[in-house]
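Each chain is listed here by its residues.
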Amino acid sequence: MAEAGRASGSPATARRPVPPRPPAGRGHAVQVSVIVPVHNSECWLDECLKSVWEQDFKETMELSVFNDASKDCSAEIIEKWKITLEDAGVPVIIGSNGSSQPRGVGFAKNQAVIQSSGTYLCFLDSDDVMMPQRVRLQHEAAIQRPNSIIGCQVRREPQDSTERYTRWINSLSEEQLLTQVFTSHGPTVIMPTWFCSREWFFHVGKFDEGGKGVPEDLLFFYKHIQKGGEVFRVNHCLLLYRYHPQAATHSVLEGTIWNHRVRFLEDRVLSSWTSFTIWNAGKQGKKLYRSLSPANRKKVTAFCDVDEKKITKGFYTYEESEERPKPKIPICHFRDATPPFIICVKLDLTGGAFETNLNTLNLKEGMDYYHFN
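Residues numbered from 1 in each chain as written. Predicted model: local features only at pLDDT ≥ 70, side-chain atom pairs only at ≥ 80, totals over all residues. Heavy atoms only, no water.

A. Fine view of the packing of helix α1 (residues 42-53) against helix α2 (residues 74-87). Between α1 and α2, the least distance of the axes is 10 Å, while the angle of their chain directions is 15 degrees. Taken together, the axes of α1 and α2 are roughly parallel relative to one another. Both α1 and α2 take part in a crossing whose hand is right-handed. Listed contacts from α2 to Glu42, Leu45, Asp46, Leu49, Lys50, Val52 and Trp53 of α1 are Ser74, Ile77, Ile78, Trp81, Thr84 and Leu85. Along the lines of polarity and charge, the residues of the contact of α1 with α2 split into 8 nonpolar, 2 polar and 3 charged. (Axes fitted to C-alpha atoms, helices over the stretch in contact; angles between N-to-C directions. Helix = DSSP H or I, 4+ residues; strand = E, 2+ residues; numbered from the N terminus. Parallel < 35°, antiparallel > 145°, perpendicular 65-115°, else oblique. Left-handed = near helix turned anticlockwise from the far one by under 90°. Contact = heavy atoms within 4.5 Å. Nonpolar A, V, L, I, M, F, W, Y, C, P; charged D, E, K, R; others polar.)

B. Region of interest: the environment of Pro294. If you trace the backbone, Pro294 turns up in helix α11 (residues 294-297). A C-alpha to C-alpha distance of 9.6 Å links Pro294 and Ser321, two positions 27 residues apart in sequence.

C. Local environment of the packing of aromatic side chains. Enumeration over the complete set of coordinates arrives at 26 aromatic pairs. Aromatic side chains Tyr165 and Trp168 sit 6.4 Å apart centroid to centroid with 20 degrees between the ring planes, which places their arrangement in the stacked category. Note that Tyr165 and Trp168 are positioned in helix α5 (residues 163-171) at a spacing of 3 residues, about one turn of the helix. By relative accessible area, Tyr165 is classed as buried at 15%. Of the residues examined, Trp168 reaches a relative accessible area of 8% and is grouped as buried. Measuring from centroid to centroid gives 5.2 Å for Phe201 and Phe220, while their planes differ by 25 degrees, and the two rings are stacked. Linking Phe201 in helix α7 (residues 198-204) with Phe220 in helix α8 (residues 216-226), this pair joins segments that are 19 residues apart in sequence. Accessibility assignment for this pair places Phe201 and Phe220 in one class, buried. (Phe/Tyr/Trp six-rings, centres within 6.5 Å; stacked < 30°, edge-to-face > 60°. Buried < 20%, exposed > 50% of the residue type's maximum accessible area, 1.4 Å probe, protein only.)

D. Quick look at the sheet that holds strand β12 (residues 328-333). Read across the open sheet, the 6 strands follow the order β11-β12-β10-β9-β13-β14; overall the sheet is mixed. With one partner strand each, in any of the chains shown, β11 (315-317) and β14 (369-371) form the two edges of the open sheet. With direction set aside, neighbouring strand axes in the sheet form an average angle of 25 degrees. Two elements, strand β10 (residues 300-305) and β12, share 3 bridges in a ladder whose sense is parallel. Looking at the pairing, Phe303 lines up with Ile331 of β12. Helix α10 (residues 283-291) rests against β9 (276-279), β10, β11, β12 and β13 (341-343) of the sheet, and its axis sits at about 165 degrees to β10. (Pairing = 2+ DSSP bridges.)

E. Just α10, in detail. Within α10 the residues assigned to the buried category are Gly285, Leu288 and Tyr289. Viewed along the axis of α10, the buried residues span an arc of 100 degrees, placing them on a single side of the element. (Arc of directions from axis to C-beta.)

F. Molecular detail of the side chain of Arg156. For Arg156, the position within the fold is in strand β6 (residues 148-157). Within the buried core, Arg156 has no salt-bridge partner, and the shortest N-O distance to an opposite charge, that of Asp128, equals 6.1 Å. For Arg156, the side chain forms a polar contact with the side chain of Thr162, separated by 2.8 Å. There is a polar contact of 3.1 Å between the side chain of Arg156 and the backbone oxygen of Arg242. Residues in contact with Arg156, not counting those within four places in the same chain, are Ser161, Thr162, Tyr165, Thr166, Tyr241, Arg242 and Tyr243. (Lys, Arg positive; Asp, Glu negative; His and termini not counted. Salt bridge = Lys/Arg side-chain N within 4 Å of Asp/Glu carboxyl O. Polar contact = N/O pair within 3.5 Å; in protein donor to acceptor, adjacent residues only side chain to side chain.)

G. Spatial organisation of the pattern of salt bridges. Scanning all chains against the criterion turns up 11 salt bridges. The closest approach of N and O atoms between Arg242 and Glu47, which form a salt bridge, is 2.7 Å. Of the two residues, Arg242 is situated in strand β8 (residues 230-242) and Glu47 in helix α1; the sequence distance between them amounts to 195 residues. Residues participating in the shared-partner salt-bridge network are Glu47, Glu157 and Arg242.

H. Structural context of the environment of Ile143. Summarising the element assignment, Ile143 is placed in helix α4 (residues 134-144). Judged by its relative accessible area of 44%, Ile143 falls in the partly exposed class. Each C-alpha atom of the pair Ile143 and Arg263 lies 32 Å from the other, and the pair is 120 residues apart in sequence.

I. Representation of the packing of α8 against helix α9 (residues 254-268). The contact between α8 and α9 brings their axes to 11 Å, and the two run at 5 degrees. Taken together, the axes of α8 and α9 are roughly parallel relative to one another. Where α8 abuts α9, its residues Leu218, Leu219, Tyr222, Ile225 and Gln226 lie against Ile257, His260, Arg261, Phe264, Asp267 and Arg268.

Right, dumping it as structure tokens:
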């Protein structure tokens, strides 16, 4: 959700061909509800809501906006767009938090969903912009995949921001959408691109409403997977995804994300492994080891690396342990290590050297190794 900014104008006055839509209500079920949480979003809101107006989706669609205690001109911009959208056959439902304090992104998204009525939910952050074909293409995909979160490829703005992250979002294979859910990047399809059925959303159980600092999208995504949900990406760029200092994602502490990721890894992967190797004998690998439960620490047979200095040391001693003698974990070269691996090496950072090393072992991702980087 966006925060802070400056009003950028009013609804577009240029005419466009409006696709013929059956009237919502009066016996006609709404197919898609576009869900937009808003908090102090005036700087981006015109472009965001204009992109709803520009959708080429020909079935019934509504916009559900929840204004979470905005103190800027967001409410006025929403009201202006309500007129324009309803003239184009798109009903607009507006809810608001009347208190002076925002309740947070999870609460605002839940309220926008609750007040809506569409068979499918299309999530949109108030600082992002949809391409005209987004709702149509994701709706087509969602009909075929009732238990899936449907994502899409994105274009980042500014263009040079978070290059590695954007490349990761756009290039994961269909299998990696499920195998790479433990990485520091978060959900393998990003929240502002989510599209799913209303029935499945409530089956998973809504967003955490803990407020600022809670990674509500990651927690929902993990619950979704735990309940057997699938992940699919439409391989078209359907969203302009903005990066800016006011974005709510910056309020979530790295340590909070780390702890959720470790617990999810333990639950989904390590619980079924009897032993494993941590690939990275440096800071991140040791941090993962220390973060594991005592039972899972005992399953670590070795650290592996390419750094001769680390390998020459021979062992990592877990000094914080209360065990006597303190656990000593062998350190070896990756070619001498035994899979399965939990890999704590960041992808796309070594000019391909790490990826080449991994490929020489002819292992299968999701069976012989998982990335936790």
